[in-house]
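Summary of structural features
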2 protein chains.
Amino acid sequence: MRDPLKTGEVIGILGGGQLGRMLSVAAARLGLRTHIYEPAENPPAADVAHQVTTAQYEDTSALISYAKSIDVVTYEFENIPTSALDILEQHTVIRPGREVLRVSQDRLIEKSYLNNLGLKTAPFTAVNSLGTLTAAISDIGPPAILKTRRFGYDGKGQIRLTDASDLPKIWEKFERQDMILEGFVAFSHEVSVIGARSSDGNIACFDPGENVHRNGILHTTTLPARLSASQRTDAILMTAKIMNALDYVGVMAVELFVTPQGLTVNEIAPRVHNSGHWTQNGCVVDQFEQHIRTVAQWPLGDGARHSNVVMENLIGADIERVEALAKDSNIALHLYGKADVKPGRKMGHFNCISPKI
Amino acid sequence: MRDPLKTGEVIGILGGGQLGRMLSVAAARLGLRTHIYEPAENPPAADVAHQVTTAQYEDTSALISYAKSIDVVTYEFENIPTSALDILEQHTVIRPGREVLRVSQDRLIEKSYLNNLGLKTAPFTAVNSLGTLTAAISDIGPPAILKTRRFGYDGKGQIRLTDASDLPKIWEKFERQDMILEGFVAFSHEVSVIGARSSDGNIACFDPGENVHRNGILHTTTLPARLSASQRTDAILMTAKIMNALDYVGVMAVELFVTPQGLTVNEIAPRVHNSGHWTQNGCVVDQFEQHIRTVAQWPLGDGARHSNVVMENLIGADIERVEALAKDSNIALHLYGKADVKPGRKMGHFNCISPKI
């Protein structure tokens, strides 16, 4: 391995949410420290990080002193302003690198990139006016989904179009934004692969998990997923292809639709991902430690799955289930320390494990 | 459950070593915060604790403001000065309680207490003069071990007597200390039980592990231990008996010698214990989370073991093995973030897991 980080050295993490929190714990397990950069006060990761900088992504001097205080920087979300990345990379190494952020920050670029690799996606067209929207609808759908090209997550920044009526009214809502119209894919279910690639080009993928969403938010991930042996192989090869093309270093999530015609890529995320939380109780090395290992230039863990797992998110008032869940002997709880309960807010998750058959 | 701690509430931990560090991570997993009290600067637990107070155990005002900042206090070592406990209990709840500290802080009291419960220990006699030492040796040994009654750990504060010569010289070394002379127990191997008891009197014990020591320091713990079904039951019943007698709340380690005449108690520790580190990768709820659950008045996890495990400590220069160990797919690493490598210093440990047969 090339120059691995040593005990006490510091991984910077942009973003202090639950992913940054669980990454910090994984880093500590390897004797490494984390320094969180987060605009909001008292983020979840602050409970377990060695240090926290509370500053905006536009604060140049905060970014510079932050970058100088760390040995490498990674992130828990992909929508980091380009200007902040420009500053950080003058003083530290960013892993995963800039290329995947350029690609994944924009749905149009991402889908084109995947198609150019020979991977299937939903049909899509760029939309930037009522005229292009109308043309796109007659070309692709309905039904179709109109999405902002940038900054969407958990179903935000998108609208489902079930017919071609009311287009002027709908367009009004998004006017002056770069959009993409995506056609529907007739899929039976969705799976995701959590892959990892080290800086020396080694790859390890976790077993694909099967995802169920509710209200646009991940509800459960179930291992094993319903996949044939060849679909499972395809899913992993596709993930490896994307990571190799990007010369990627880190953990990446690839969401795939399962269709009778094969696997279609829904989207990629250049980071640890909610659909990989099952690895915390299903594997010796989980996605958080795997990401820290790649960023710290340690050898990859192999991520073999030792148990069957159902991961379920605790959203908003679901947190009230904790007392009952805590009594179930097959359940491992993972709570994020968020005091304010809000509808749609991810408060924690749990992994229900059973023997691998 | 009685009034369990809620998200964001704070568990105080006396001691900031690796046990405090791993307790902090477990607390975070349940959405709880930790506040470490530790005299030394930059303790291992500081990397992952919400807050750290750096102060001596004699610092009354520091103890008072600490006690007022937390919702309950626990500890990672048993030799907390009584004066500090007296102050803390005026402002907060101490779990496990004072009684077990009174018993376990003194080898003579501990062994007498266990005998009074009907449990076997090594033969022992109090020694406080050359005369009592000479009498004790002719009564119990040699071979025998002369130990300080208080503040011993990892083989420190003790000397092995293989014959009755040189007693005046040996006594000179320990003069004016309260000592205990312990006879040898002819045992085939040592096991330990990590038990947990909640404030409503429920008990859950982890499967006994088999310990091997080197130079007085734990080297490996192997699961399953070599025990017959009845020995395994005895080990757990003895642990439960001790915890019930003490009206104990928390995780306790009970070290047992396996002899042809049954199990003999070596010692007890009123805290998470090195011989329970295997639970991190062998169970859904590990000893650290189990302890946090009891202290926070959450329901106990059941601690069922899902895999076979060998835990091995990384002592001093063993830390250089990490690069090779990190490549082994069955090994989970747990490093303590200690920058200074010293002979005999516990730097980390690893759990090697294999399927439970």
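As the structure is a computational prediction, the values presented were derived from the model and not from experiment.

All names here are of chain A. Across the 10 residues of strand β13 (residues 250–259), 10 count as buried, placing the element largely inside the fold. Relative to β13, strand β9 (residues 189–197) runs antiparallel, the two sharing 9 bridges. Each bridged residue has a counterpart across the sheet, and for Val 193 the counterpart in β13 is Val 254.

On to the packing of aromatic side chains, then. All names here are of chain A. Across all of its chains, the model carries 10 aromatic pairs over all chains by this definition. Considering the side-chain rings of Phe 187 and Phe 257, the 4.2 Å spacing of their centres and the 20 degrees angle between planes classify their relative orientation as stacked. Here the residue Phe 187 occupies a position in the loop between β8 (179–183) and β9, and Phe 257 occupies one in strand β13, the gap between them amounting to 70 residues. Judged by its relative accessible area of 10%, Phe 257 is buried.

Time to look at the sheet that holds strand β1 (residues 10–14) of chain B. Residue and element names in this part refer to chain B. In spatial order, the strands read β3-β2-β1-β4; together these 4 strands make up an open sheet with parallel pairing. The sheet is open, and its two edges are formed by β3 (51–54) and β4 (72–75), each paired on a single side. Ignoring strand direction, the axes of neighbouring strands in this sheet form an average angle of 25 degrees. Sheet topology note: the β1/β4 ladder contains 4 bridges and is parallel.

Following the criterion strictly, the structure yields 38 salt bridges over all chains and no others. Of the charged contacts in the structure, one is a salt bridge between Asp47(B) and Arg33(A), with a shortest N-O distance of 2.9 Å. On the criterion of chain membership, the pair formed by Asp47(B) in the loop between β2 (33–38) and β3 and Arg33(A) in strand β2 (residues 33–38) is interchain, its members lying in two chains. One connected set of salt bridges, linked through shared partners, spans Arg29(A), Asp286(A), Glu289(A) and Arg293(A).

Take the pairing of strand β15 (residues 307–315) of chain A next. Residue and element names in this part refer to chain A. Summarising burial for β15: 8 of the 9 residues are buried, a large majority. Strand direction decides the pairing type here: strand β12 (residues 217–223) and β15, joined by 4 bridges, are antiparallel. Bridge assignment links Leu 223 to a residue of β15, and that residue is Val 309. Pairing of β15 with strand β17 (residues 346–355), which is carried by 9 bridges, proceeds in the antiparallel orientation. Across the sheet, the residue bridging to Val 309 is Ile 353, located in β17.

All names here are of chain B. With 12 residues, helix α1 (residues 18–29) extends 17 Å from end C-alpha to end C-alpha; this agrees with the ideal 16 Å at 1.5 Å per step. Counting buried positions over the 12 residues of α1 gives 11, a clear majority of the element. Residues of α1 that are buried: Gln 18, Leu 19, Gly 20, Arg 21, Met 22, Leu 23, Ser 24, Val 25, Ala 26, Ala 27 and Ala 28. At the exit of α1 stands Gly 31, carrying a positive phi of roughly 80 degrees.

Residues of chain A with pLDDT of at least 70 account for 98%, and the chain-wide mean is 94. Scored as a whole, the predicted complex attains pTM 0.93, and scored at its interfaces, ipTM 0.90.

Residue and element names in this part refer to chain A. Turning to its location among the elements, Thr 220 is positioned in strand β12. Taking the relative accessible area as the measure of exposure, Thr 220 reaches 10% and is therefore buried. Separated by 144 residues in sequence, Thr 220 and Glu 76 place their C-alpha atoms 20 Å apart. For Thr 220, the residues in contact, after removing those within four places along its chain, are Glu 210, Asn 211, Val 212, Val 310, Met 311 and Glu 312.

Listed as interface residues are 36 residues of chain A and, on the opposing side, 36 residues of chain B. Note on chain A versus chain B: buried area summed over both sides is about 3200 Å², and carbon and sulfur give 58% of it. Where chain A packs against chain B, one counts 10 residue pairs in polar contact (both at pLDDT 80 or more). Elements with a contribution of two residues or more to the side of chain A that touches chain B: α1 (18–29), α11 (322–325) and β16 (331–335) of chain A. Considering every element that reaches the side of chain A that touches chain B, the biggest residue donor is β16(A), with 5 residues.

Turning to unusual backbone geometry, a few remarks are in order. When glycine is set aside, most residues are seen to have a negative phi, and most peptide bonds are trans. With omega at 0 degrees, the peptide bond leading from Leu223(A) into Pro224(A) counts as cis. Here Pro224(A) shows up in the loop between β12 and α8 (229–245). The backbone of Asn42(B) sits at a positive phi, close to 50 degrees, despite the residue not being glycine. Given the relative accessible area of 61%, Asn42(B) is considered exposed. With a phi angle near 45 degrees, Asp247(B) is a residue other than glycine that sits in the positive phi range. For Asp247(B), the position within the fold is in the loop between α8 (229–245) and β13 (250–259).

For the match of chain A to chain B, the screw axis carries a shift of 0.0 Å, the RMSD comes to 0.0 Å, and the turn is 180 degrees. The superposition operator between the copies reduces to a two-fold rotation axis. For chain A, the smallest separation between a C-alpha atom and the rotation axis is recorded for Val48(A), amounting to 2.0 Å. A shared interface surface links the copies, since 100% of the contact residues of chain A are contact residues in chain B too.

With that settled, the discussion passes to the environment of Ala326(A). Relative to the assigned elements, Ala326(A) resides in the loop between α11 and β16. A sequence separation of 313 residues divides Ala326(A) from Ile13(A), and the C-alpha atoms of the two residues are 30 Å apart. Leaving out residues up to four positions away in the same chain, Ala326(A) has contacts with Leu333(A), Arg293(B), Trp298(B), Pro299(B) and Leu300(B).

Residues and elements named next belong to chain B. Orientation of helix α6 (residues 130–140) relative to helix α7 (residues 167–174), taken along the N-to-C sense of each, is 125 degrees, at an axis distance of 10 Å. As far as their axial angle goes, α7 and α6 are oblique. The chirality of how α6 crosses α7 is right-handed. Contacts between α6 and α7 involve Leu 130, Leu 133, Thr 134 and Ile 137 from the former and Leu 167, Pro 168 and Trp 171 from the latter. The residue inventory of the contact of α6 with α7, partitioned by class, reads 6 nonpolar, 1 polar and no charged.

Residues and elements named next belong to chain B. Structurally, Glu 110 is set in helix α5 (residues 107–116). Of the side chains with opposite charge, Lys 111 lies nearest to the buried Glu 110, which makes no salt bridge, at 5.5 Å. Ignoring anything within four residues of it in the chain, the contact list for Glu 110 reads Val 103, Ser 104, Asn 266, Glu 267 and Ile 268.

The rules behind the values
Residues numbered from 1 in each chain as written. Chains lettered and ligands numbered in written order. Predicted model: local features only at pLDDT ≥ 70, side-chain atom pairs only at ≥ 80, totals over all residues. Heavy atoms only, no water. Buried < 20%, exposed > 50% of the residue type's maximum accessible area, 1.4 Å probe, protein only. Helix = DSSP H or I, 4+ residues; strand = E, 2+ residues; numbered from the N terminus. Pairing = 2+ DSSP bridges. Phe/Tyr/Trp six-rings, centres within 6.5 Å; stacked < 30°, edge-to-face > 60°. Axes fitted to C-alpha atoms, helices over the stretch in contact; angles between N-to-C directions. Salt bridge = Lys/Arg side-chain N within 4 Å of Asp/Glu carboxyl O. Expected span 1.5 Å × (residues − 1). pLDDT = per-residue confidence, 0-100. Contact = heavy atoms within 4.5 Å. Buried area = accessible area lost by both parts, 1.4 Å probe. Polar contact = N/O pair within 3.5 Å; in protein donor to acceptor, adjacent residues only side chain to side chain. Least-squares fit on C-alpha atoms with pLDDT ≥ 70 in both. Parallel < 35°, antiparallel > 145°, perpendicular 65-115°, else oblique. Left-handed = near helix turned anticlockwise from the far one by under 90°. Nonpolar A, V, L, I, M, F, W, Y, C, P; charged D, E, K, R; others polar. Lys, Arg positive; Asp, Glu negative; His and termini not counted.

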